[in-house]
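# What the coordinates show
Next come the chains, spelled out residue by residue.
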Amino acid sequence: MSDSDYAPRWWSNLGSVAGVVGLLLLLYLTLYLTDPENAFSKRNLKDVFSRQGYYAVLTLGVAVLIITGGIDLSIGSVVGLSAVGFGLMLREGCHPYLALPIVLAGGVIIGLFHGLLVTQLQLQPFLVTLCGMFAYRGIARWLTETPVGLTDVTRIQPSFQSALETLRLFLIGKNATGYLEFPMQMVVALVLALLIGIVVHGSVYGRYWYAIGYNEQAARYAGIATKQQRLWVYVLCSFLASLGGLLLFLDRGTADPTNAGESQELYAITGAVLGGCSLRGGVGVVPGMVLGAMVLPLLENLVNFAQIKSAVIPLVIGLTLLVGTIADEQFQRSRRKT
Amino acid sequence: MPPLLEVRAIRKRFPGVIALDGVSLQADAGEVVAIIGENGAGKSTLMKILAGIYVPDEGELWMDGRPVQFRDVNDAMQAGISLIHQELNLVENLSVAANLFLGRERTVGGALRWLDRTAMRRQALALLERVGLPAPLVDVEVGRLAPGQKQLVEIARALSLQTRVLIMDEPTSSLTQRETDRLYEVIDSLRSASVTVLYISHRLAEVKRCADRVVALRDGKNAGGLSKAEIDHDAMVRLMVGRELKQYYPRSERVPRAGFPALEIRDLCYEGGPKQPINFSVRAGEIVGMAGLVGAGRTELAEAIFGIRRITQGEVRVAGKAVRIRSPQQAMAAGILLVPEDRRHHGLVLQASVGFNLSLPNLPRLSRFRLVQRAKESAVGEELRRRLRIKTPSLRQTVGLLSGGNQQKVVFGKWLARQPTVLILDEPTRGVDVGAKSEIYALMDQLAGEGVGIWMISSDMEEVLGMSDRVAVLHEGHLTGELQRAELNEEAIMRLATGGSK
Ligand SMILES: Nc1ncnc2c1ncn2[C@@H]1O[C@H](COP(=O)(O)OP(=O)(O)OP(=O)(O)O)[C@@H](O)[C@H]1O
Ligand SMILES: [Mg+2]
């Protein structure tokens, strides 16, 4: 990083970002060649864009956490719990504009919980969030055994209809009939990326996070409140996961406690890694995170259109990640040599 | 007879730097050759080429009158060359014995390759004895050792190889007098076993003591040499720096300020420290040297005062006021700064740039609305780089790629932008060349003159004698005595350091 600047800037690490841009272009090209009519229709592209935005929201959180040397495996379960919790609150008569901040606050509390366990009790992030992964899924399934749907909600609470339609239009871009007018989730992701980018690349906190990711001890000796900083990043990650839960519910119109958000933490982590973050910590730039998050939804869409059995999706994802990692490693090595 | 080792017109460049520009060198069997030069002169690079870590861009290596080529460290080891790095390379979570035989484990049971622990332990004990480390350390994790002890483990490891040329890159920079003396004995025994020793050091008294010949480098070129009879301090400085250097230990007329001491430690106990509480103070405007053997607990005490180690009992007062210190932030807020000893783990974020490191502790003052002001940051960075003469192609260079001494200057420079009440320096000039050393001493002198209380922990006897107004000596964690400037001499310090009395 540092041969480009003091600390990573938006455009630093262009090499690995160029790699993911190339991959995206390749995938779009393949999509076009597979089925120019349907797959490259405005409708499908909008759809893909929307999903890419959704994953970018999750990826941004975990990617910043990865920069500081942390990890969060509970994202998918937090998504599930937030989606189910939101639906249930609405059904029980809590107004959407109240339920929304409550769910987000829940995300903050979960993040604080993770962060405190990791920094105060010095437990390993992997373990803490692994426990979280099981626990939050368990809570969601305990709250309800059957899926909660938007149609149920509006049947029981007809007065919420207009508020929910507004939320859906602004956050998802879907109109009352459920037609996707504009991929608003991507807009949400870009706004978040801008804000997070300013913090990561412009503020003192971003500096602290890179320093902690590289060498926490040196950061501590430099007088940085490393525990406090790490805590905030856990909060950010879980906050964005709970926002993801809201988006999921509003987008799909239903949340199933058993599988809403399932294994999406792995999608988010994959996005971060494809976007140039190193699991060793200290490396990554914000544009890369968004671009990295765009790969998997596109890949899934491509597999669907190529009329390959959707069962191969995990295999394709695994291979993409492996090849991407190898390519990046080779690239870094060749750059180090010169 | 051809020389054992010959280097001919070696050239090596890195992006933005020509590290070696046609350097030549010869060494005979059983000769101890000291390589000297300023920070960044190319000494370590040359040694790494000999050890097969770097491949030269141009030039040749000859051994026993035949040209050789090393593609990697293994090739060099096969040829009998081994290098003890300037920066330690041990596996921290393995025991001393395991580190000594890492990669060359003794095994029994043929293809089963069971570890032969008893044999390794026995040989390890013999090696530890040779370098003067206490036997119980053999089973201790390396991570728990003091830097000086780690250094001795590295030396022991090199001794266990069938070495014809042993290269030591600043082996003594974290050793105290006693361990250094032990090392001289090791070197003497190697010499009589006709092992060639190439020895890099910035401690010129040491060079004079143990080298048969001196070779100087300057800016990646040969800058001349000295035979045994010609070796003296001034001659070496002239070769390295290219000019005379006056007033090595600057001392303005300092008078420690009356009134409250800058730092006062009362009946203090800390985690991992001795049971017996410690009392110690540093007056404003005073430089207190702290001497002791490696592992005497000086670093630990400093860490407790800086909030890294938990204080279990007692009181810390800064400028007369009792302060509560539980984290480095609190220590800094109270006006205490620490320049840590271990630059790779505590002092620097190695993978980040020089500029990043220089500004890390100062960011709150280099920012507005919490956003870093890059222009201000570079201005401050450039200023520090100039003031300390940090040799780097740019502030954007990764700090881990600088030469050791230049890294140390960055560690020191991080804190210069502040005005502390108490400045704790733990081995402040470790690996720093004579010119820059006198610069750092001048800065210390100036800070003390401005009323800063300086507490300097140092294993460099010359430095302790030259800079201190008062010396406190630690032995196994507790203070064995204090010496005023008038009573300072090497014997008195050594007596206290080994647990004797004044
Ligand atoms: N891997 C590297 N990449 C880039 N530059 C390097 C690298 N290694 C060394 N250099 C540069 O080459 C020059 C010579 O470095 P070297 O480490 O040989 O100096 P040195 O004489 O050992 O100094 P010191 O006394 O401080 O240890 C320095 O300017 C250093 O910054
Ligand atoms: Mg060196």
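### Observations regarding the overall build of chain B
Along the backbone of chain B there are 17 helices and 24 strands. Computed over C-alpha atoms, the radius of gyration of chain B comes to 23 Å, within 12% of the 23 Å expected from 2.2 N^0.38 for 502 residues, which places it in the range of a compact globule. The principal-axis extents of the C-alpha atoms in chain B amount to approximately 70 × 50 × 50 Å. With 502 residues in all, chain B has 57% of them scored as buried. Counting contacts in chain B only where the partners sit at least 6 residues apart, residues at least 24 apart contribute 68% of the total. Entry remark: accessible area of chain B is about 20,600 Å², with carbon and sulfur atoms responsible for 49%. Counting 67 positive and 60 negative side-chain charges, chain B places the averaged centre of each group 5 Å from the other.

### Here's the deal with the site of ligand 1
All names here are of chain B. Around ligand 1, the structure places 22 residues, and the nearest of them are Lys43, Ser44, Thr45, Ser403 and Gly405. For ligand 1, an oxygen atom lies 2.8 Å from a polar atom in the backbone of Gly40. Calculation on ligand 1 without its partners gives an accessible area of 640 Å², and the protein chains cover 94% of this total. For the shell around ligand 1, the elements supplying multiple residues, two or more each, are β2 (17-27), α1 (43-50) and α14 (404-413). Of the residues in the shell around ligand 1, the class split is seven nonpolar, 12 polar and three charged. Split by domain, the residues of the shell around ligand 1 number at least three in each of domain 1 (5-241) and domain 2 (263-497).

### Structural notes on the pairing of strand β4 (residues 58-63) of chain B
For a regular strand, the rule is simple: side chains alternate between the two faces of the sheet. Residue and element names in this part refer to chain B. Where strand β1 (residues 5-14) meets β4, five bridges bridge the pair, whose relative direction is antiparallel. Considered in β4, the bridge of Val7 is made with Leu61. Linking β4 back to strand β5 (residues 66-68) in an antiparallel pair, the connection comprises two residues, with Asp64 at a positive phi of about 50°.

### Observations concerning the environment of Ser281 of chain B
With respect to the helices and strands, Ser281 of chain B occurs in strand β14 (residues 278-282). Sequence spacing of Ser281 of chain B and Arg266 of chain B is 15 residues, and the spatial spacing of their C-alpha atoms is 8.5 Å.

### Looking at the nonpolar core
If you look at the biggest cluster of nonpolar residues, it comprises 109 residues, and the most contacted ones within it are Leu60, Phe86 and Leu243 of chain A together with Leu360 of chain B. For this core, the element with the highest residue contribution is helix α2 (residues 42-67) of chain A, accounting for 13 residues. When sequence neighbours within four positions are dropped, the list of residues in contact with Phe86 of chain A reads Pro96, Ala99, Leu100, Val103, Leu246, Phe249 and Leu250 of chain A. In terms of nonpolar packing, the next biggest core, distinct from the first, is built from 82 residues, Ala262, Val399, Val411 and Leu416 of chain B among them.

### Things to note about the confidence of the model for chain B
All names here are of chain B. Scored by pLDDT, chain B has a mean of 89; 99% of the residues are at 70 or more. Taken element by element, the predicted model of chain B shows its lowest mean pLDDT in strand β7 (residues 107-108) (81) and its highest in strand β18 (residues 336-339) (96). Reported confidences for the modelled complex are a pTM of 0.89 and an ipTM of 0.88.

### A few points about the interface of chain B and chain A
When the parts of a complex come together, some accessible area is lost, and that lost area is often used as the size of the interface. Residue-level contacts link 38 residues of chain B with 30 residues of chain A. Here chain B meets chain A over a buried area of about 2,800 Å², counting both sides, of which 58% is carbon and sulfur. Its largest share of buried area at the contact with chain A, chain B owes to Phe356, Arg374 and Arg396 of chain B, together 24% of the area lost on that side. There are one salt bridge connecting chain B and chain A. The shortest N-O distance in the salt bridge between Arg207 of chain A and Glu377 of chain B comes to 2.6 Å. Here chain B is connected to chain A by 12 residue pairs in polar contact (both at pLDDT 80 or more). Residue composition of the side of chain B that touches chain A, by class: 19 nonpolar, 12 polar and seven charged.

### A word on the sheet that holds β5 of chain B
Consider a sheet: its strands pair through backbone hydrogen bonds, and that pairing is either parallel or antiparallel. Residues and elements named next belong to chain B. Spatially, four strands are ordered β2-β1-β4-β5 in an open sheet, and the strand pairing comes out antiparallel. The open sheet has two edge strands, β2 and β5, and neither has a second partner. Neighbour-to-neighbour, the strand axes of the sheet open up by a mean angle of 30°, direction not taken into account.

### Focus on the environment of Arg495 of chain B
Topologically, Arg495 of chain B is positioned in helix α17 (residues 490-497). Between the C-alpha atoms of Arg495 of chain B and Lys275 of chain B, which are 220 residues apart in sequence, the distance is 22 Å.

### Observations regarding the side chain of Lys437 of chain B
Residue and element names in this part refer to chain B. The residue Lys437 is located in helix α15 (residues 434-449) in this model. Overall, Lys437 belongs to the buried group, its relative accessible area being 4%. Setting aside chain neighbours within four positions, we find Lys437 in contact with His202, Arg203, Tyr248, Thr429, Val432 and Asp460.

### As for a nonpolar patch on the surface
Side chains of Trp10, Trp11, Leu14, Leu194 and Ile198 of chain A together with Leu371 of chain B sit close together on the surface and give an oily, nonpolar patch of about 580 Å² of accessible area. Tracing the backbone shows Ile198 of chain A in helix α8 (residues 184-202). What makes Ile198 of chain A partly exposed here is its relative accessible area of 38%.

### Notes on the domain arrangement of chain B
Residues and elements named next belong to chain B. According to the domain assignment, chain B consists of domain 1 (5-241) and domain 2 (263-497). Between domain 1 and domain 2, the C-alpha centre-to-centre distance is 28 Å. At the junction of the two partners, domain 1 supplies 32 residues and domain 2 supplies 30 residues. Where domain 1 abuts domain 2, roughly 2,400 Å² becomes buried across the two surfaces, and 52% of that area is made up of carbon and sulfur atoms. Taken as a group, Asn39, Glu87 and Gln177 account for 25% of the area that domain 1 buries against domain 2, more than any other trio of residues on that side. Here Asp460 and Arg203 are joined by a salt bridge, their closest N and O atoms 3.7 Å apart. Across the contact surface, domain 1 and domain 2 share five residue pairs in polar contact (both at pLDDT 80 or more). Looking at the side of domain 1 that touches domain 2, the elements with two or more residues in it are α5 (147-159), α6 (177-192), α7 (204-210) and α8 (233-241). Along the lines of polarity and charge, the residues of the side of domain 1 that touches domain 2 split into 11 nonpolar, 13 polar and eight charged.

### Here's the deal with the confidence of the model for chain A
Model confidence for chain A is summarised by a mean pLDDT of 92, while 97% of its residues fall at 70 or above. For chain A, the element scoring lowest by mean pLDDT is helix α14 (residues 313-337) of chain A, at 78; helix α4 (residues 96-119) of chain A scores highest, at 98.

### A short note on the sheet that holds strand β17 (residues 321-323) of chain B
Residue and element names in this part refer to chain B. In spatial order, the strands read β14-β13-β16-β17; together these four strands make up an open sheet with antiparallel pairing. What marks the edges here is a single partner per strand, and that holds for β14 and β17. If you compare each strand with its neighbour and ignore which way they point, the axes differ by 20° on average. In this structure, strand β13 (residues 263-270) lies alongside β14, joined through four bridges in antiparallel fashion.

Calculation notes
- Residues numbered from 1 in each chain as written.
- Chains lettered and ligands numbered in written order.
- Predicted model: local features only at pLDDT ≥ 70, side-chain atom pairs only at ≥ 80, totals over all residues.
- Heavy atoms only, no water.
- Helix = DSSP H or I, 4+ residues; strand = E, 2+ residues; numbered from the N terminus.
- Rg over C-alpha atoms; globule rule 2.2 N^0.38 Å.
- Buried < 20%, exposed > 50% of the residue type's maximum accessible area, 1.4 Å probe, protein only.
- Contact = heavy atoms within 4.5 Å.
- Areas by Shrake-Rupley, 256 points an atom, 1.4 Å probe, with all protein chains shown as cover.
- Lys, Arg positive; Asp, Glu negative; His and termini not counted.
- Charge placed at Lys NZ, Arg CZ, Asp CG, Glu CD.
- Near = heavy atom within 4 Å.
- Polar contact = N/O pair within 3.5 Å; in protein donor to acceptor, adjacent residues only side chain to side chain.
- Nonpolar A, V, L, I, M, F, W, Y, C, P; charged D, E, K, R; others polar.
- Domains from an automatic or database assignment.
- Pairing = 2+ DSSP bridges.
- Core = buried A, V, L, I, M, F, W, Y, C linked by side-chain atoms within 4.5 Å.
- pLDDT = per-residue confidence, 0-100.
- Buried area = accessible area lost by both parts, 1.4 Å probe.
- Salt bridge = Lys/Arg side-chain N within 4 Å of Asp/Glu carboxyl O.
- Axes fitted to C-alpha atoms, helices over the stretch in contact; angles between N-to-C directions.
- Patch = residues over 30% accessible without salt bridge, like charges linked within 9 Å, V, L, I, M, F, W, Y side chains within 5 Å.

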